Amino acid sequence: MDSLVSLSKRRGFVYPASDIYGGLANSWDYGPLGSIMKENIKNEWLKEFVFSRDDMILIDSAIIQNSSVWDASGHLTKFSDPMVECLDCHKRFRADNLIEDKLGIDVDGRSAEEIDKIINENNIKCPITAGVLSQVKNFNLMFNTKLGPVDVSSDTVYLRPETCQGIFTNFDNIIKSTRLKLPFGVAQIGKSFRNEITPGNFIFRTLEFEQMEIEYFTKEDNADKDFEYWLNLFEEWYKKIGIKKENLKKVELNETQRAHYSKRTVDIYFNYPFGFKELQSFANRSDYDLTSHSNLSGKKLHYFDEESKTNIVPFVIEPSVGLGRLFLAILSNGYKEEIIGNDKRIVLSLSHRIAPYQLAIFPLIGKDEKINNISQNLYSNLRWKYRCTYDSTGSIGKRYRRQDEIGTPLCITIDNDSSIDNTVTIRDRDSMEQVRVNIDNINEYIDKCFL
Ligand code: GAP
């Protein structure tokens, strides 16, 4: 993990936020390479699950919604974690995590009183000072703020803790403004906010994060089948973007572990440097959200089923993944240190779909006019089709190392022979093999590598 954090800062993937002021706990900024990589992940997700399908659409709803949304969704009353405070150091902890660490038992779904009893009976103390812990309290994870210049409690609004509610509240608008027929899905990518008691592990658990969520509306009878369908689809996608199969596992949650809205939940865990932890969750949210919003708003959120000639409230299958968690999984999945001769080589084996740059162009001798012209021409042409970077400084070995570290799959070197026989050297990041390719065939060669 230290290597990933250090590489991220050194090469501009992720910086600590407010760094010059000593940072802010668990806030991170994405740097130049991180921002490109984040966009690449989003684009791959959109291509795979939205743009290549007729049954999917995309929306972008507001972060701040009418507070009734969070009333109907259950977040105002149920979206909390059990919290304790050390009476000595006043640090706060998640009581369920302390119990799991000490006793290896899962207390999901138990009341604050029950959890308090377990803490007392097992003499669980502050992990830092061994001090006595306060009574367990349920701590709501939503950030709130006030709307307008006057501080009146009725004006309290919340930063959304999940993006999907904006999809449910727009269900009727979507049905009326599109000609979608069941089953269909609505996708959304956007920021969510949770006032986590114990954030941490770099960008794994943060207070502000992006979610990529799909709400797939289907008939109740098809919900189980569609659940499996989406689970398989994502497993295939993870393979496609280069995540190793052995780094993923599925975890079925039992009734007490599931969120209040879920009839079935399967989490996909990734093998992070700190062990297997949740990357993505799949839930069968049933008709919970549409029904709750219908009840509270008084607006009918249903779908007219031509087959049965009745109004039905569809079920919802929800694949939801945090972009930061996927970003960290991809970095960790690709990170390698190799010893080559007396040298350490750091390599990020990123898929060409995700790597910030796909190609690096190196003029072997930066000051040679002929080499420079060919290199610049190639760079200008290739950058319209591929993500390219240009590096004309330092030895070729150093240039390779710089690109290996940021995951660039192919490096193209232009040398003296290039002006004679119109060929360049293309070097593969992982195998380090080099081949000579004619410039006229370069697109064809790259496309073959990027299948
Ligand atoms: N709409 C359903 C939902 O929000 P969730 O399991 O609470 O379900 C979905 O969150 C995903 O969002 C998680 O699997 C994780 O990838 C990401 N996520 C949740 N909380 C997060 C946090 N504090 N920091 C980063 N990612 C988070």
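As the structure is a computational prediction, the values presented were derived from the model and not from experiment.

Digging into the pattern of salt bridges
So, step 1. Overall, the coordinates contain 37 salt bridges when judged by the stated rule.
So, step 2. A salt bridge links Glu210 to Lys42; the nearest nitrogen and oxygen atoms lie 3.0 Å apart. In this pair, Glu210 is assigned in strand S10 (residues 208–218) and Lys42 in helix H2 (residues 32–51), connecting sequence segments 168 residues apart. The exposure classification of Glu210 matches that of Lys42, with both residues buried.

Some words on the pairing of S10
So, step 1. Taking burial as the measure, the eleven residues of S10 include ten buried ones, the bulk of the element.
So, step 2. Looking at chain direction, S10 and strand S16 (residues 315–322) are connected through six bridges and run antiparallel. Among the inter-strand pairings, Glu213 is bridged to a residue of S16, identified as Ser320.

A word on the domain arrangement of the protein chain
For interface size, the figure often reported is the accessible area lost on association.
So, step 1. Assigned domains within the protein chain: domain 1 (2–79 + 143–332), domain 2 (82–140) and domain 3 (357–449).
So, step 2. Taken over C-alpha atoms, the centre of domain 1 sits 28 Å from the centre of domain 2.
So, step 3. Opposite the nine residues of domain 1 that make contact, domain 2 presents eleven residues.
So, step 4. Buried area between domain 1 and domain 2, both sides added, is near 820 Å², and the carbon and sulfur share of it is 48%.
So, step 5. Applying the counting rule to domain 1 against domain 2 returns zero salt bridges.
So, step 6. Considering only residue class, the side of domain 1 that touches domain 2 consists of three nonpolar, five polar and one charged.

Considerations on the sheet that holds strand S22 (residues 423–428)
Hydrogen bonding along the main chain pairs the strands of a sheet, whether they run parallel or antiparallel.
So, step 1. Reading across the sheet, the five strands line up as S20-S19-S21-S22-S23 and stay open at both edges, with mixed pairing between neighbours. Here the strands that pair on one side only, and so sit at the sheet edges, are strand S20 (388–390) and strand S23 (434–438). Between one strand and the next, the sheet's axes are offset by a mean angle of 25°, whatever the strand orientation.
So, step 2. Sheet strands in contact with helix H13 (residues 396–406) are strand S19 (359–363), S20, strand S21 (410–414), S22 and S23, and its direction is about 165° off that of S19.

What to know about the site of the ligand
So, step 1. Close to the ligand lie 21 residues, the nearest being Glu162, Glu196, Glu213, Glu278 and Leu279.
So, step 2. The contact in question runs from an oxygen atom of the ligand to an N or O atom on the side chain of Arg194, over 2.8 Å.
So, step 3. In the model, a nitrogen atom of the ligand is placed 2.8 Å from a nitrogen or oxygen of the Thr206 main chain.
So, step 4. Notes on the ligand: free accessible area 550 Å², of which the protein chains cover 92%.

Focus: the packing of aromatic side chains
So, step 1. A complete count under the given rule lists 24 aromatic pairs for this structure.
So, step 2. Seen from their ring centres, Phe168 and Phe217 are 6.2 Å apart, and the 85° between their planes marks the pair as edge-to-face. With Phe168 in helix H7 (residues 165–169) and Phe217 in strand S10, this residue pair connects regions lying 49 residues apart in the sequence. In terms of burial, Phe168 and Phe217 fall into one category: buried.
So, step 3. For the pair Phe171 and Phe184, a centre-to-centre distance of 6.2 Å together with 15° between the ring planes defines the contact as stacked. Placement of the pair is Phe171 in helix H8 (residues 171–177) and Phe184 in strand S9 (residues 184–193), with a sequence separation of 13 residues.
So, step 4. Phe171 gets classed as buried once you look at its relative accessible area, which sits at 1%.
So, step 5. Linked through ring pairs, Trp45, Phe49, Tyr216, Tyr229, Trp230, Phe234, Trp237, Tyr238 and Phe282 together constitute an aromatic cluster.

Rules of the game
Residues numbered from 1 in each chain as written. Predicted model: local features only at pLDDT ≥ 70, side-chain atom pairs only at ≥ 80, totals over all residues. Heavy atoms only, no water. Salt bridge = Lys/Arg side-chain N within 4 Å of Asp/Glu carboxyl O. Helix = DSSP H or I, 4+ residues; strand = E, 2+ residues; numbered from the N terminus. Buried < 20%, exposed > 50% of the residue type's maximum accessible area, 1.4 Å probe, protein only. Pairing = 2+ DSSP bridges. Domains from an automatic or database assignment. Contact = heavy atoms within 4.5 Å. Buried area = accessible area lost by both parts, 1.4 Å probe. Nonpolar A, V, L, I, M, F, W, Y, C, P; charged D, E, K, R; others polar. Axes fitted to C-alpha atoms, helices over the stretch in contact; angles between N-to-C directions. Near = heavy atom within 4 Å. Polar contact = N/O pair within 3.5 Å; in protein donor to acceptor, adjacent residues only side chain to side chain. Areas by Shrake-Rupley, 256 points an atom, 1.4 Å probe, with all protein chains shown as cover. Phe/Tyr/Trp six-rings, centres within 6.5 Å; stacked < 30°, edge-to-face > 60°.

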